[in-house]
Amino acid sequence: MRNTLFGYILLILTTLVLGSCSKFAKLQKEGTLEQKYEAALQFYKKADYYRAGLLFEEITPLLNGKDARQAELAQFYNAYCNFKQANYNMSQFLFKNFYETFQRSEYAQEALYMHAYSLYKDSPNFNLDQTSTLTAISALQDFINTYPESAFREESTQLILELRDKLERKAYEKAKLYYQTSEANIANFRSAVVTINNYQKDFPDSKYNEELSYLRVDAQYNLAKLSFADKQKERYQDVSKYYLAFIDKYPNSKYLRQAERYYDNTQKELTAILDAEKTLKETKPSNTGKLSTPSSSGQN
């Protein structure tokens, strides 16, 4: 009995779906421009963005030059149909095109915002290429500059902060990458120091700067240890410089004890280097004991 009832319900639903599809196909094939426009509006109101989008996309070029108001709304709703279906790359294009075509429209401001918001939605995870994230930030900032008093201003500002945080996370992970490699070498440590320096210039207020400041001391110390003798003095001096900058800014850091160990070892190494330089200087042959000839005594 239960299986029979289920089968009956399934048959009714299938019939309704097929009938609906058949009706929609007939509308697409035989409907007038006005019928398609009205049907597209109804589908849109019912949140059937797929069918609404199909109709709006078909009739938009046909409305140009006939009914300006319908042409405007068809383009605006078609952009939203794509946005609602998560076709963000297409929706950003359509919203931007709408804004450029209907700059005096009551929907122009919203369209420019939705163009930027679509780009925001299309921004990938932080570990992927962030070119589109930079484009989204630029679009949101352009919107704020164009409509500084907009109701969307506060939300746009928040979206920019979120996108910048993504760029920050991307750069942070790149800086740490050199510590996650299985091979510790001069190239990795040197690259780590350079990357951290660049990061702190780009993100001076980053929440990751305490950790990275410590890692810079770590990387510079290991770089100095692995360096040839003629490079060690300068590189150990940089360890001291980075350590002093670290404790000046983060005197109560959880990384302080380990950083101090690097600093103490660095001072020992520098002392040894300076002692070796002094000994070498003292034992180097002097020119003062050489005999001079009368012909050269009057020179210099």
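Residues numbered from 1 in each chain as written. Predicted model: local features only at pLDDT ≥ 70, side-chain atom pairs only at ≥ 80, totals over all residues. Heavy atoms only, no water.

A. Structural detail: the nonpolar core. Ranked by size, the top nonpolar core spans 79 residues in total, and within it Tyr44, Phe56, Phe76, Phe95 and Leu212 carry the most contacts. What Tyr44 contacts, discounting residues up to four positions off in sequence, is Tyr49, Ala52, Phe56, Tyr77, Tyr80 and Cys81. (Core = buried A, V, L, I, M, F, W, Y, C linked by side-chain atoms within 4.5 Å. Buried < 20%, exposed > 50% of the residue type's maximum accessible area, 1.4 Å probe, protein only. Contact = heavy atoms within 4.5 Å.)

B. Seen up close, helix α12 (residues 256-283). For α12, with 28 residues, the first-to-last C-alpha span of 40 Å sits near the 40 Å given by 1.5 Å per residue. Buried within α12 we find Leu256, Ala259, Tyr262, Thr266, Leu270 and Ile273. As for α12, its buried residues are in contact with α10 (209-226) and α11 (229-249). (Helix = DSSP H or I, 4+ residues; strand = E, 2+ residues; numbered from the N terminus. Expected span 1.5 Å × (residues − 1).)

C. How the structure looks around the environment of Ala111. With respect to the helices, strands and loops of the structure, Ala111 is situated in helix α6 (residues 108-121). A relative accessible area of 0% means that Ala111 is categorised as buried. When the C-alpha positions of Ala111 and Glu100 are compared, they lie 9.5 Å apart, and in sequence the two are 11 residues distant. Setting aside residues no more than four positions away along its own chain, Ala111 makes contact with Phe76, Phe95, Phe98 and Tyr99.

D. Representation of α10. In this model α10 runs 25 Å from its N-terminal to its C-terminal C-alpha over 18 residues, within 8% of the 26 Å that 1.5 Å per residue would give. By the criterion of burial, α10 is predominantly enclosed, with 15 of the 18 residues buried.

E. Region of the structure containing the pattern of salt bridges. A full pass over the atoms with the stated rule returns 10 salt bridges. In this structure, Asp48 and Arg51 form a salt bridge, with 3.1 Å as the shortest nitrogen-oxygen distance. By relative accessible area, Arg51 is classed as buried at 19%. A salt bridge links Glu173 to Arg169; the shortest N-O distance between them is 2.9 Å. Residue Glu173 and its partner Arg169 are both found in helix α8 (residues 153-180); the two are separated by four residues, about one turn of the helix. Beyond isolated ion pairs, a larger network of salt bridges with shared partners links Arg69, Glu72 and Glu106. (Salt bridge = Lys/Arg side-chain N within 4 Å of Asp/Glu carboxyl O.)

F. Broad picture of unusual backbone geometry. Located in the positive-phi region is Ala47, a residue other than glycine, with phi close to 65°. Mapped onto the elements, Ala47 comes out in the loop between α2 (33-45) and α3 (49-63).

G. View of the environment of Glu72. Looking at where Glu72 falls in the secondary structure, it is placed in helix α4 (residues 68-84). Through-space distance from the C-alpha of Glu72 to that of Ser105 is 8.3 Å; in sequence the pair is 33 residues apart. Once residues within four sequence positions are removed from consideration, Glu72 is found in contact with Phe98, Phe102, Ser105 and Tyr107. Side chain to side chain, Glu72 and Ser105 meet in a polar contact 2.5 Å long. (Polar contact = N/O pair within 3.5 Å; in protein donor to acceptor, adjacent residues only side chain to side chain.)

H. Just the confidence of the model for the protein, in detail. Of the residues in the protein, 86% have a pLDDT of 70 or more, and the chain-wide mean is 88. Within the model, pLDDT remains below 50 along residues 5-19, and this stretch shows zero contacts once partners closer than five positions in the same chain are excluded. Below a pLDDT of 50 lies the segment residues 289-300, which in the model reaches zero contacts outside its immediate sequence neighbourhood of four places, other chains included. (pLDDT = per-residue confidence, 0-100.)

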